[in-house]
Amino acid sequence: MLFEPYDIIVVGAGHAGCEAAAAAANMGSKVLLVTMDLRLMASMSCNPAMGGIAKGQIVREIDAMGGYSGIVSDRTMIQFRMLNKSKGPAMWSPRCQSDKMMFSADWRSLLEQTPNLDFWQDTVVGLLFKGDRVCGVKTMMGGEIESKAVILTNGTFLNGLIHIGEQHFAGGRMGEVAVHGITEQLREIGFEAKRLKTGTPVRIDGRTIDFSRLIEQKGDDEVVGFSYTEPFRIQKQRSCWIAHTSLKVHETLRKGFKYSPMFNGRIQGVGPRYCPSIEDKIERFAGKDSHQLFVEPEGWTTEEYYLNGFSSSLPDYIQYEALRQIEGFENAKIFRPGYAIEYDYFPPDQLHHSLETRLVHGLYFAGQINGTTGYEEAACQGLMAGINASLALNDKEPLVLSRSEAYIGVLIDDLITKGVDEPYRMFTSRAEYRILLRQDNADARLSELSYKLGLAKEDRYQKYVEKLEKVEAIKAFLDETPVYPDDVNGLLERKGSSRIDQKMKLSYLLLRPQLNLFELVEHLPPLRERYDLNDRFERECLEEAEIQIKYDSYIQKENELADKLNRLENVKLPKDFDFHSLQSLSFESREKLNKYHPETLGQASRISGISPADINVLAIFLGR
């Protein structure tokens, strides 16, 4: 027999599949990762970057939970920026450009070093069932591989259809075949499937770009990175560049609208509202004469560039003509045109919060199959699916992160309770508790939980404990140490802050918005002797202590609100209860409660169309 039975089979080695396989294997499950091409693990199919607004917070949460995305991002980054630094720390979001080839290679290396994890290059074309349980997969090469659980992370490959102008052909990505059979099989047993659309821009030969006519965008001087455990940081960075479209570019693109599959009805799937194609931007924002574009390198050693903001499914010759009308691209050559891709997804209201399907025990969905967009959103779903599949095999309760614990919790709760009718993308505005869910404190929120699961290893946990103790020691020192007028009045005047006329505790002085702790350390000898700003770990602890001091009242208020609302999360609703029997509920609420079967009162409260009055009825029914 070629294969012994596995505990878990993960289908697909994109960002979701890689995190799922790593998590399940690190928790002791015997895992098989099946993928069509072992050379393309965690492939950066679209832009060569990780993190960004809210997405950077997710990568740090994955790292705190023992996942690999942050480690790989740090090892392969070619540029780092902390976005939104001009705003409060709840909005700070790390982002890096990555070397896309190194990114895939490093992921593969890490997975090959992971115990309990095997690999098989093949295409899964169907699932095996015993009653209402999944029991394995069928592959294109004719193999039937048994398992106790299956995690589907198929990305854009399920009945994928690529569009370039009037041409269209089957494919999961350019140059890779689509997968047929899984959607049809799942539909037959009662699953609902729909179509979504995403797209990607031209890839440009950097040797043909006139960078002197573009605006250079350098990386940050201080490279913070993502991982809490790995000290590796790049010593040099590659620049990105900014370009702009023009009315002439727009007019050229408009010539191709009659051939656009978006506008002539050939594309049925809904595209991402927050990452529209260039033709969609021109149509929706007709009054704008120009759109900003980001020219991003794809690696250290390649001349391939990604034109962020120029996603298109127009005919290739229209894309090429319009590209050459952008300043700096008059002589540009392209490696390949942009294209749109349609694919199947399964509305995520068919899942439990564990990401296990409601219809089939042991079957989990993660990533774009659930209607999300983005590497980070996919990776965190894979992580949680891997964790929960392993927990279920050991007869343990699933891990469900709350909305006040993690952006991961916000994302999964949104998917299950609100559903998806367009590709879902995470934003800070989706989180009610974003002051609690900062990028700097993901380790404090999640490390201990992950350590108890056996996922975060001892070195990760000890790093978290060391940081926690260090931050508390810094706060105590600042609370106890006074500063005198002669010591700081010169600095206060330079910073536009009022002078002091009597001694003041450092922690109280730090509440002034004009000051930051790094400046005080550089200015005051007692602090300069005590703390080394050249030490990355020390800087991280100082920044964390400063945030906690400056925003203490806001953090306390948000914690109190979260505690109050989280009480609803502890009120369990009866399993398989017929809500139609509660005539006091509105008809819409009865319909939706029977459809979604929320597990707690809190989940019920977030389902669209269920009113606070209906939540009160449920609370009374439950004796609350």
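On a predicted model such as this, the values are computed, not experimentally measured, just so you know.

Reading the values: the criteria
- Residues numbered from 1 in each chain as written.
- Predicted model: local features only at pLDDT ≥ 70, side-chain atom pairs only at ≥ 80, totals over all residues.
- Heavy atoms only, no water.
- Helix = DSSP H or I, 4+ residues; strand = E, 2+ residues; numbered from the N terminus.
- Rg over C-alpha atoms; globule rule 2.2 N^0.38 Å.
- Buried < 20%, exposed > 50% of the residue type's maximum accessible area, 1.4 Å probe, protein only.
- Core = buried A, V, L, I, M, F, W, Y, C linked by side-chain atoms within 4.5 Å.
- Contact = heavy atoms within 4.5 Å.
- Salt bridge = Lys/Arg side-chain N within 4 Å of Asp/Glu carboxyl O.
- Expected span 1.5 Å × (residues − 1).
- Pairing = 2+ DSSP bridges.
- Axes fitted to C-alpha atoms, helices over the stretch in contact; angles between N-to-C directions.
- Polar contact = N/O pair within 3.5 Å; in protein donor to acceptor, adjacent residues only side chain to side chain.
- Parallel < 35°, antiparallel > 145°, perpendicular 65-115°, else oblique.
- Left-handed = near helix turned anticlockwise from the far one by under 90°.
- Nonpolar A, V, L, I, M, F, W, Y, C, P; charged D, E, K, R; others polar.

Draft legend 1. Representation of the overall build of the protein chain. The number of helices and strands found in the protein chain is 21 helices and 22 strands. In terms of overall dimensions, the protein chain is globule-like: its C-alpha atoms have a radius of gyration of 26 Å, near the 25 Å expected for 624 residues. Seen through its principal axes, the protein chain has C-alpha atoms that stretch 80 × 70 × 55 Å. Out of the 624 residues in the protein chain, the part that is buried amounts to 60%.

Draft legend 2. Molecular detail of the nonpolar core. Counting residues in hydrophobic clusters, the biggest one holds 110 residues, and the most contacted among them are Leu152, Leu363 and Ile387. Ile474, Leu492, Ile500 and Leu524 belong to the second largest nonpolar core, which has 27 residues in total.

Draft legend 3. Layout of unusual backbone geometry. For Asn159, which is not glycine, the phi torsion reads 50° and is therefore positive. The residue Asn159 is located in the loop between strand S9 (144–152) and strand S10 (161–164) in this model. Its identity is not glycine, yet Leu355 carries a phi of approximately 75°, on the positive side. Within the secondary structure layout, Leu355 lies in the loop between strand S19 (339–345) and strand S20 (363–365).

Draft legend 4. Looking closely at the side chain of Ser104. Within the secondary structure, Ser104 is located in helix H4 (residues 100–112). Apart from residues lying up to four places away in sequence, Ser104 is in contact with Arg39, Leu40, Met41, Ala42 and Ser43.

Draft legend 5. Representation of the pattern of salt bridges within the structure. Counted under the stated rule, the structure contains 41 salt bridges. Of the charged contacts, one joins Asp7 and Lys148 as a salt bridge, the two residues approaching to 3.4 Å between their closest N and O atoms. One end of the pair, Asp7, is in strand S1 (residues 6–11); the other, Lys148, is in strand S9, with 141 residues separating them in the sequence. The class for Asp7 is buried, based on a relative accessible area of 18%. Look at Lys148 and you get partly exposed, because its relative accessible area is 48%. Between Glu540 and Lys467 there is a salt bridge whose closest N-O contact spans 3.6 Å. With a gap of 73 residues between them, Glu540 in helix H17 (residues 536–550) and Lys467 in helix H12 (residues 458–480) connect regions that are remote in the sequence.

Draft legend 6. Structural detail: helix H18 (residues 552–569). With 18 residues, H18 extends 25 Å between its outermost C-alpha atoms, agreeing within 8% with the 26 Å of an ideal straight helix rising 1.5 Å per residue. On its buried face, H18 is in contact with H17 and helix H20 (601–605).

Draft legend 7. Summary view of the side chain of Asp414. Relative to the assigned elements, Asp414 resides in helix H10 (residues 407–418). A residue is classified by how much of its surface remains accessible, and Asp414, at 3% relative accessible area, is buried. Excluding anything up to four places from it in sequence, Asp414 contacts Arg403, Gly419, Tyr424 and Arg430.

Draft legend 8. How the structure looks around the sheet that holds strand S13 (residues 203–205). Judged by pairing direction, the sheet is antiparallel, and its six strands sit side by side in the order S14-S15-S16-S17-S13-S18 without closing on themselves. What marks the edges here is a single partner per strand, and that holds for strand S14 (215–217) and strand S18 (334–336). Neighbouring strand axes in the sheet, compared pairwise and without regard to direction, differ in orientation by 35° on average. Here S13 pairs with S18 via two bridges, running antiparallel. Across the sheet, Arg203 pairs through a bridge with Arg336, a residue of S18.

Draft legend 9. Representation of the sheet that holds S10 within the structure. If you walk across this open sheet you meet the four strands as S11-S10-S19-S12, and the pairing is antiparallel. Strand pairing shows two members of the sheet lacking a second neighbour, strand S11 (167–170) and strand S12 (194–200), which therefore form its edges. Across the sheet, the mean angle from the axis of one strand to that of its neighbour is 25°, orientation sign disregarded. By the bridge criterion, four bridges tie S10 to S11 in an arrangement that is antiparallel.

Draft legend 10. Region of interest: the environment of Thr183. With respect to the helices and strands, the residue Thr183 is situated in helix H5 (residues 182–188). Assessed through its relative accessible area of 1%, Thr183 is described here as buried. In this structure the C-alpha to C-alpha distance between Thr183 and Ser212, which are 29 residues apart in sequence, comes to 49 Å. Sequence-distant contacts of Thr183, defined by excluding residues within four places in its chain, comprise Leu158, Asn159, Ala193, Asp344 and Phe346. Reaching out from Thr183, the side chain makes a polar contact with the side chain of Asp344 at a distance of 2.9 Å.

Draft legend 11. Expanded view of the packing of H12 against H17. Between H12 and H17, whose axes approach to 9 Å, the crossing angle comes to 55°. Regarding the angle of H12 to H17, the classification is oblique. Viewed along their axes, H12 and H17 form a crossing whose handedness is right-handed. In contact with Lys463, Glu466, Lys467, Lys470, Val471, Glu472, Ile474, Lys475 and Leu478 of H12, H17 contributes Phe537, Glu538, Glu540, Cys541, Leu542, Glu544, Ala545, Gln548 and Ile549. Taken together, the residues that form the contact of H12 with H17 break down as eight nonpolar, one polar and nine charged.

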